[in-house]
Structure formats: structure tokens, C-alpha cells
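Structural overview for review
The residues making up each chain are set out below.
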Amino acid sequence: MKQLEVTAYVVTALGTAIPLWIVLSAFSQISPHSAKLVVHILDVPPLVPRVLFVLSGIGAAALPNAAWTLQGRLYWALWSVTLTLVVCSATLLSPSKPCLTMPCLTIVGPALLYALRELVLKEIDSVVWCRAQCMATAGASSLSMLAWITWIAVGFPGRERWFDWPPEFGDLYLQGRISWKFSFILWSSAPGCSVLLALLAVVYWVRLTYLSLHTEDDRNAFIGTSVKQLLGCLVAVAMTVWIGASLSITAEREDMRDETIFMACMAFLGLGLWMRRTYGEKAVFAVVGQSSAANEALAILESSWVKAFILMVGAVPLLVYAATYGLYSRLRGSPKPWPLIETLGGWHWTDVIVKALWLIVLYVFLFVAMGKATIVVLAVTNETISSWPVMAVSLAVFLVALALFMFPSTPGGPIYVLMGVVIVHSAESQGWSSEAAVAWATLVSFVMKLTFTAAAQKWIGEPMGKSDWVQQCIRIHTPYMRAVEQILQEETSVAKVALLVGGPDWPIAVLCGILELPVASVLWCVSPVLVQSVFPSVLAGALLYWQQWGNRHKDGDAHVEESGLAEVALVIAGFLQLAVGLIAALCVQETLEANFEQLSARRPQDEWLHKLDELDEARERRTIRLTSWEALPNTLRTLVVDPWPSFSPWVGWLWPSRPSRQWAWASTTPSSRSRRHPRRLVRQHPC
């Protein structure tokens, strides 16, 4: 037994460390050989990695279901081919899709250990194996982070700042052969692998603790607790990275928010598959059934709008999955339908496809078109008012920011950062001290936030609250929204402050107006946003101004750029936003769990909403019967499906792309007016 334990520790340590060492040697700026490999990858025709990616997707779709029918060598042969295709496609896709490469290559070690465990080391006890995996991944994570910190501390010849790239990668970027995004991923690959391995270590620890429990009640209780903690951990990491990506967009730094969302979705999918394999479907559904909040979440997931969202973001993987099942069923006769195929077969496809098209149109309008328009407005504002007096600049920025806040898709952080850049520059150019300029910019931003909250509540929320359609759309009579309403109607509490400060700006302010809450109470509970978001973001904007445009401190010391304080301020602002948002989510969940019977009971004033829901359900059933996919003629089927290729985001994802220089609101500065005009942004950064 002792020999088997030693074998487990040695095998897991080597199986995790060796693939990680290979990945960092090939795809990290720490390695002196990575630039040569990148040059060779760039010479590969772009169509080859796309084909390999599609083939690996087909294999990955077939693997979970082929385990039922394929036995022994056939299954593991398919498994080996799929893993090889994943590694090859991820490697060759690295210049265009670097955020896909590093996670795929990092999990090669654990994947190989899984196969080795199933084929050779079955006699090792599960508890011993999980403990060995947990220790191996935690150790590899620590070594990866230690190697990166050592590289940052020691540096390399010619480095001026701690975040500079080696000359080889700088030359490739300046030549236009690689994108900024690819270079940044290679620079941060070691800490990225460290974070991913740390999450795997947590997963292994959860599995180890679960196996160590003996009674069924203890295991069920542990499943619920561990799932909440893992989801919270993933949400924390994803939101921190997303907020950092949102606040850090400049002319030199590309937008990585979509990649963050993609990786988060893949992490949630992987967590779901892991839960299914580790605990089993019956145990998971038994635990979910005991949670009122989970039951409400499952009820929301049954909505056709949620199905439309799933189709919108996963059209190509679902198509590959269905095509794989069709091919497999032809080769194997008529096997039992795969679980996902059975689920998809119960969807009303006409309704789902039409709603998915509407979601794509809304996404293009709100996030793409309005996002570009916001960048243009901010750049034009920065360019136009740079020479005005500080009070005129403050008023102009106040009005522009207030107008932008009135759009639902406008994030607050970048607006505060811009106000810090513009107002601090104007104040310092007229002789203000740095401290006074930052304080004045913070005050203007804070007053703007309070003005927006009151204006959105009175001018948007209250008129919308008188509309029956609006109240039905926001589902004000459902347990979830009643829990939010109960928190917002409190006088002053931690839950109310967290919800008002940590929630999205426009929806929360408008909801307060729909609920007809007192403005003074709302503004009082919103006021902590001064410390939580406004001041850190304004300070980050001021630091970005000092860093990027060469201004020194008042005492004439070294540039702020040498210490990277702007990045630190951005991280602090993102972390505070995330922390308060998580507290708000936990408060809503606790309120729902504690008062579920009261919140789920019908209120007399909501009877008309329940009757409207019943009428809508009857109308939806009639519509489903009349517009079922099988009943539609081919002409209507073509009209429904035909626009999809033009809108689907996966079309652009799979199409080869070239690295390009992107623009952001900070691209136009007072010192660059003669070189570039902000209106060129429309041509340089197309939708």
C-alpha cells in the first residue's frame, strides 16, 4: 500500500509538472526559445488550425457519449486522437486566439493523468489519488508563479519597466506580425497557468473532502456548500479579470472582455461536467431541490429567452454536437439518444431561433454600436474641451457623463476614469496642485453619480413603473424580484447599500423609481460609491494621465509610470466593485432562502400580473402549436434561419483575422491633436 501511495505522488507530480514546463518553454516570454516557435507558427496557413479545431470539437462532443457504447481500446483511441487534435489546434490557433491556447494546453497534464489512472493505476485508492493530484497541482501552480515573479525581479537586457516585453516580441508586434493581445498572453502565461492550476487544486480538494465523508447526509450538505464556493470563486475571478479588461482599454491595449466572458463560460461548463461526473446527476438534483434559490434559478433557465441566449453563444458547438450525433447514429445504427440531444429535442425551435435573432440585434445595437459611439463621444470630448477653463471643462464633462449614464449599457468605471484624466489635466494646466485636481475631479464625478441616480429614478423609473408591460417584463411579482424589493425598501442596511452600490448603475436606479422609493434614502445608501468606485477610478485616471503623457509629480521626482500605480488603482477599483457585487448577490440569496414561503405567496396587488402570466402561457402554447418547426413550410424555415450566418458571432471567431491596432477613448490626448482626430476612430475600429 505504501508503494502505491509513493507511485501516486510521483506520477501526479511528474504528470503535472512536465506538461507545464513544456507549455511555459514554448508559450511564455520567460523562455528564450518561445519567439522562434511563434515565428514558425505564423508561417502555418490559417485554414489548417480552423480545420483541426472543428475536428477536435467533433471528437470532444462524441467522447462523453461514446463511453456508453465504445469499449476498451476504441474509446481510448478516440480519446487520444481528440486530445492530439486539441493540442495541435490550440497551438496553431495561438496567434489569433491566444486566450483559447493557454487553458487548453495547461490542462493537458491533468488529462493525461486521468487516462493513466483509468488504464493503469486503478488499484490506487481514490482518496490517495485525489490527495496526490491536489498537492501536485498546488505545487505546480506555486512554481509557475514563482518562476514568473523571479523573471520579473531579475529582468532582461534592455528592460526599462517591469511590464516590458523582451525585444524579440516587441519587434514582432511593431512589424505587425503578432497582436498586442497575443504578446500580452505570452507575457502573462505563467501567472495565468498558475491561477488555472490553483483552481484545479481547489477542485481536487473538494473531491478529496467529498470522498472522505461517510454518511449520505454529510455528502449532500457538502455538495451544496462546495458548489456555492466554487461558483463564487469562478465568478470572482471572472469579474475581476473582466473589470480589469474594461478599465484598461487604451490605444495600445486591446479589448479582452469577450475573451474573458468566453473563458468564464467554458469554466462554468467544465465545472458542470465535473459535478455531473463526480457527484452524479441524482445527487446534484437532490441537493438543488433542497434550495429555494436554486429552484427559482432553474425555473428561470426554462425560459425561452435563456434558451435563445444559449443558442446565440453556442450555435457552432451545438451544431457540431448534433452533426457528430447524426454521424455516430448512422455508423452505429440507432443508439440511445445522447442526453443533450434529448434536451434539445424538447425545445420549440421556431420561438428560440426568433428570440436568438432579437438578442443578437440588441447585442449589436447596445454593446457594439453604442459601445463604439461611447468611445467616439469620449474621445471627441477629450479633444474638444482640453483647452477650456477648468470650471467649463468640469461642467462639460459632467453633462457628457450624465448623458452617457442614461444609456443602459454604459459602464461606470471608464466614465470615472475619463473624468479623472480630463479634469486633472485641465486643473493642472491652470496651476492647480495634483491633490486639489484629484479632489475636484472626485467631487464632480461623485455629484454626477448622485445626479444620475436621482434623475434615472424620477425621470425614467417612475414613468416606467406606471406601465403594465414594464412591470410584467421585470417580473416584479416573482420571488427573486420580491426579495430585491424587500431589501430596497429597508431604511438603511448592509444589504441595501451593497445592492445599490454593487449592482449595475442604470437597472438599479430605474428599479428604485419603479418601486417609488424615497430619493433621499436611495441617495444616502448610494453615497458609499464615493469610496468604493468613484475615488479609485478617478485616481486611476489621474495616474494614467501622469503616466502616459509625461507629467511629473509636484516635487519633480520620477515618473509614475515606473511604479505602475495606475494599474494598481484599476485593480483596486475592480476588486471593490466585485466584492460589493458579491455581497449584494449573497444578501439577495439569503433573503430569498429565509423568506421563501412569504415571497412566493401571491399578493393581492399582484393578481393581475399572475393573470397576465397565465394568458401569456396560454398564448405561448397556442403559438407553439401553430408554429412548431415540423409544421412550418420550407420557405418560412429558410426565412427564419437565413439571417443567422450574418449575425452569429462564431462566424467571425472561426474566420482568420489579422492583428490590428485598436482605438479607445484615451487615444486622443491634448498633445496628439495634430497627429490623429477622434472621428477617425469610426474607420479604424469598425463594428
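Residues numbered from 1 in each chain as written. Predicted model: local features only at pLDDT ≥ 70, side-chain atom pairs only at ≥ 80, totals over all residues. Heavy atoms only, no water.

This part covers the packing of helix 23 (residues 479–488) against helix 24 (residues 494–502). Their axes nearest at 8 Å, the elements helix 23 and helix 24 cross at an angle of 110 degrees. Of the possible angle classes, the one that applies to helix 23 and helix 24 is roughly perpendicular. Residues Val484, Ile487 and Leu488 of helix 23 lie in contact with helix 24, whose contacting residues are Ala495, Lys496, Leu499 and Leu500. (Axes fitted to C-alpha atoms, helices over the stretch in contact; angles between N-to-C directions. Helix = DSSP H or I, 4+ residues; strand = E, 2+ residues; numbered from the N terminus. Parallel < 35°, antiparallel > 145°, perpendicular 65-115°, else oblique. Contact = heavy atoms within 4.5 Å.)

Turning our attention to the packing of aromatic side chains. In total, this model carries eight aromatic pairs according to the counting rule given. Here the aromatic rings of Trp151 and Phe156 are separated by 5.8 Å at their centres, their planes lie at 25 degrees, and the arrangement is stacked. Summarising the burial analysis for this pair, Trp151 and Phe156 share the class buried. Taken together, a centroid distance of 5.7 Å and an interplanar angle of 90 degrees make the contact between Trp165 and Tyr173 edge-to-face. An aromatic cluster is defined as three or more aromatic residues linked by ring pairs; in this entry it consists of Trp148, Trp180, Phe184 and Trp187. (Phe/Tyr/Trp six-rings, centres within 6.5 Å; stacked < 30°, edge-to-face > 60°. Buried < 20%, exposed > 50% of the residue type's maximum accessible area, 1.4 Å probe, protein only.)

As a further point, take helix 1 (residues 2–26). Taking 1.5 Å of rise per residue, 25 residues should cover 36 Å, and helix 1 covers 37 Å from first to last C-alpha, within 8% of that figure. What helix 1 keeps buried is the set Ala8, Thr12, Gly15, Thr16, Pro19, Leu20, Val23, Leu24 and Ala26. Those residues of helix 1 hidden inside the fold are in contact with helix 2 (34–42), helix 5 (98–106), helix 6 (108–119), helix 7 (126–154) and helix 10 (189–212). (Expected span 1.5 Å × (residues − 1).)

Turning to empty space enclosed by the protein, a few remarks are in order. Here the structure, examined in full by the defined rule, presents three cavities of 30 Å³ or more. Volume-wise, the largest cavity comes out at about 50 Å³. If you trace the largest cavity, you find it lined by Lys449, Thr453, Leu500, Pro504, Asp505, Ile508, Ala509 and Val526. Elements that contribute at least two residues to the lining of the largest cavity include exactly helix 21 (434–465) and helix 25 (505–514). Here the lining of the largest cavity takes three residues from helix 25, the largest share from any one element. (1 Å grid on protein atoms, 1.4 Å probe; cavity = no way out; pocket = protein on both sides within 12 Å on 5 of 7 lines; lining within 4 Å. Points joined across faces, edges and corners; volume = space filled by probe spheres on them.)

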